[in-house]
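Below are the chains, spelled out letter by letter.
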Amino acid sequence: MEILKVQNLCKTYGGGENAVEALKDVSFSLEKGEFAAVVGASGSGKSTLLNCIGGLDTPTSGNILLNGEYLLKMKERQRTIFRRRNIGFVFQSFQLVPELNVEQNIIFPLLLDGRKPEKDTVDEILETLGLTERRHHLPCQLSGGQQQRAAIGRALITRPILILADEPTGNLDSVSSRDVIDLLAGASRKYSQTILMITHNVSLTTSVDRVLNVTDGRLADLGGRRNEKLS
C-alpha cells in the first residue's frame, strides 16, 4: 500500500541571478511499513525535502500525496490539523517540554488534539522504548538517548501515517545512535510504521529498507533490502 508519493517536487529560493534550486524534480514513493533513509552532504537539499513533505515548507512546484491526500492543495489550517494527526516528527534536538515528565511528553500530541490517551497504548510504548521505569522523570533527568526515545514515543502515540526523523542521532554517541535506529526499525516492523529519516551517518543505514541519496537537489534511489526482496 502506497503511503507517500512525491511527484516532480521543486523548491527554489530567491529569484533571478540569486535563485538557488534546493530541490530539482524529485519523485519517489514509500509503502506502508517501509523505513527509508535520505543521505547527502550538508546543503544537498535533504532537509528541505523533509520540511516540504512535513508541510513545514512549501515547494515551488510538484505534488505530495500522503495516504492519497494532496497535502499542497489543503488550506493552511486544514494542513496544520492534518499534519498534527497524520505526521510524527523526531528532531535532532529532541524538543521535549522541560516541565513535563516522560509520559506527559509522549501523550502531549493527543492532548493538543483533544483526544484521551489509552493507558494500555501508553504502557506498551513505554515498555517498547525501555522507559517504563522513567515515565515520571523530567527530560533533565534523562540521558540523551533516553530523551530521544521519549521523542520517538511522542511521534508514535498518534499512530501517524508517516514519521519524519530529522538527524535523530545527531546529538548522540555511537551506542545511543544505534539504539535509536534499532528502535525506529523495530517500530517500522511492529506497528507497520512508515518512516523517512535524514542522516549524515551512512553506517546507520544498514537497518533501513531503502536508501535515497540527495545531491545538489536531485534524488537517486540507492536501493536496499526492500529492492532486493522485490528483485
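Predicted model only: the values in this text are computed from it and were never measured.

Undergrad: Would you mind going over the confidence of the model for the protein chain with me for this structure?
TA: The predicted coordinates should not be examined in detail at positions where pLDDT is low. The pLDDT averaged across the protein chain works out to 92; a share of 97% of its residues lies at or above 70. Counting contacts from residues 227–231, a segment whose pLDDT is below 50, to residues more than four positions away or on other chains yields three contacts.

Undergrad: I would appreciate a short explanation of the sheet that holds strand 7 (residues 162–166) in the present structure.
TA: The strands making up a sheet associate through hydrogen bonds between their backbones, and the pairing can be parallel or antiparallel. Spatially, the six strands line up as an open sheet ordered 6-7-8-3-9-10, and their pairing is mixed. Both outer strands of the open sheet, strand 6 (87–91) and strand 10 (218–223), are each paired with one neighbouring strand and no more. Along the sheet, successive strands turn relative to each other by an average axial angle of 20 degrees, direction set aside. As paired strands, strand 6 and strand 7 are joined by five bridges and run parallel to one another. By the bridge assignment for strand 7, Ile 87 is matched with Leu 162. Set on the sheet, helix 1 (residues 46–53) makes contact with strand 3 (35–39), strand 6, strand 7, strand 8 (194–198), strand 9 (210–215) and strand 10; between it and strand 7 the angle comes to about 150 degrees. Its contacts with the sheet put helix 5 (residues 144–156) on strand 6 and strand 7, and the angle it makes with strand 6 is roughly 170 degrees.

Undergrad: Just to check I follow, could you spell out the pattern of salt bridges for this structure?
TA: Here the idea is simple: oppositely charged side chains can pair when their charged atoms come close. If you walk through the whole model with that rule in mind, you get twelve salt bridges. For Arg 115, the salt bridge goes to Asp 113, with nearest N and O atoms at 3.1 Å. The partly exposed category is assigned to Arg 115, whose relative accessible area is 33%. According to the relative accessible area criterion, Asp 113 is buried, its value standing at 13%. Taking the shortest distance from any N to any O, the salt bridge between Asp 179 and Arg 149 comes out at 3.8 Å. In this pair, Asp 179 sits in helix 6 (residues 174–190) while Arg 149 sits in helix 5, placing the two residues 30 residues apart along the sequence. What makes Asp 179 partly exposed here is its relative accessible area of 32%. Several salt bridges share partner residues, and in doing so they unite Arg 84, Arg 85, Asp 113 and Arg 115 into one network.

Undergrad: What's the story with the nonpolar core in this structure? I'm lost.
TA: Most often, soluble globular proteins keep nonpolar side chains buried together rather than apart. Counting residues in hydrophobic clusters, the biggest one holds 37 residues, and the most contacted among them are Phe 35, Val 102, Ile 152, Leu 156, Leu 184 and Met 197. Looking at this core, the elements that each hand over two or more residues are strand 3, helix 3 (102–112), helix 4 (119–128), helix 5, strand 7, helix 6 and strand 8. Per-element accounting of this core gives the leading share, six residues, to helix 6. Those residues in contact with Met 197 that sit more than four places away from it in its chain are Phe 35, Ala 36, Ala 37, Val 38, Ala 165, Pro 168, Ile 181, Leu 184 and Val 208.

Undergrad: Please clarify how a nonpolar patch on the surface should be interpreted in this entry.
TA: A cluster of nonpolar side chains, contributed by Phe 108, Leu 111 and Leu 112, occupies part of the molecular surface with about 280 Å² of accessible area. By secondary structure assignment, the location of Leu 111 is in helix 3. You can call Leu 111 partly exposed: its relative accessible area is 47%.

Undergrad: Help me out: how do you make sense of the side chain of Thr 194 in this one?
TA: Mapped onto the elements, Thr 194 comes out in strand 8. From its side chain, Thr 194 meets the backbone oxygen of Glu 31 in a polar contact 3.3 Å long. Within the structure, the side chain of Thr 194 is placed 3.0 Å from the backbone nitrogen of Gly 33, a separation counted as a polar contact.

Undergrad: Where do I start with the sheet that holds strand 5 (residues 69–70) in this structure?
TA: Ordered in space as 2-1-4-5, the four strands form an open sheet in which the pairing is antiparallel. Only two strands of the sheet have a single partner each, and these edge strands are strand 2 (20–31) and strand 5. In this structure, strand 1 (residues 2–13) lies alongside strand 2, joined through eight bridges in antiparallel fashion. Looking across to strand 2, one finds that Lys 5 is bridged to Ser 29.

Reading the values: the criteria
Residues numbered from 1 in each chain as written. Predicted model: local features only at pLDDT ≥ 70, side-chain atom pairs only at ≥ 80, totals over all residues. Heavy atoms only, no water. pLDDT = per-residue confidence, 0-100. Contact = heavy atoms within 4.5 Å. Pairing = 2+ DSSP bridges. Helix = DSSP H or I, 4+ residues; strand = E, 2+ residues; numbered from the N terminus. Axes fitted to C-alpha atoms, helices over the stretch in contact; angles between N-to-C directions. Salt bridge = Lys/Arg side-chain N within 4 Å of Asp/Glu carboxyl O. Buried < 20%, exposed > 50% of the residue type's maximum accessible area, 1.4 Å probe, protein only. Core = buried A, V, L, I, M, F, W, Y, C linked by side-chain atoms within 4.5 Å. Patch = residues over 30% accessible without salt bridge, like charges linked within 9 Å, V, L, I, M, F, W, Y side chains within 5 Å. Areas by Shrake-Rupley, 256 points an atom, 1.4 Å probe, with all protein chains shown as cover. Polar contact = N/O pair within 3.5 Å; in protein donor to acceptor, adjacent residues only side chain to side chain.

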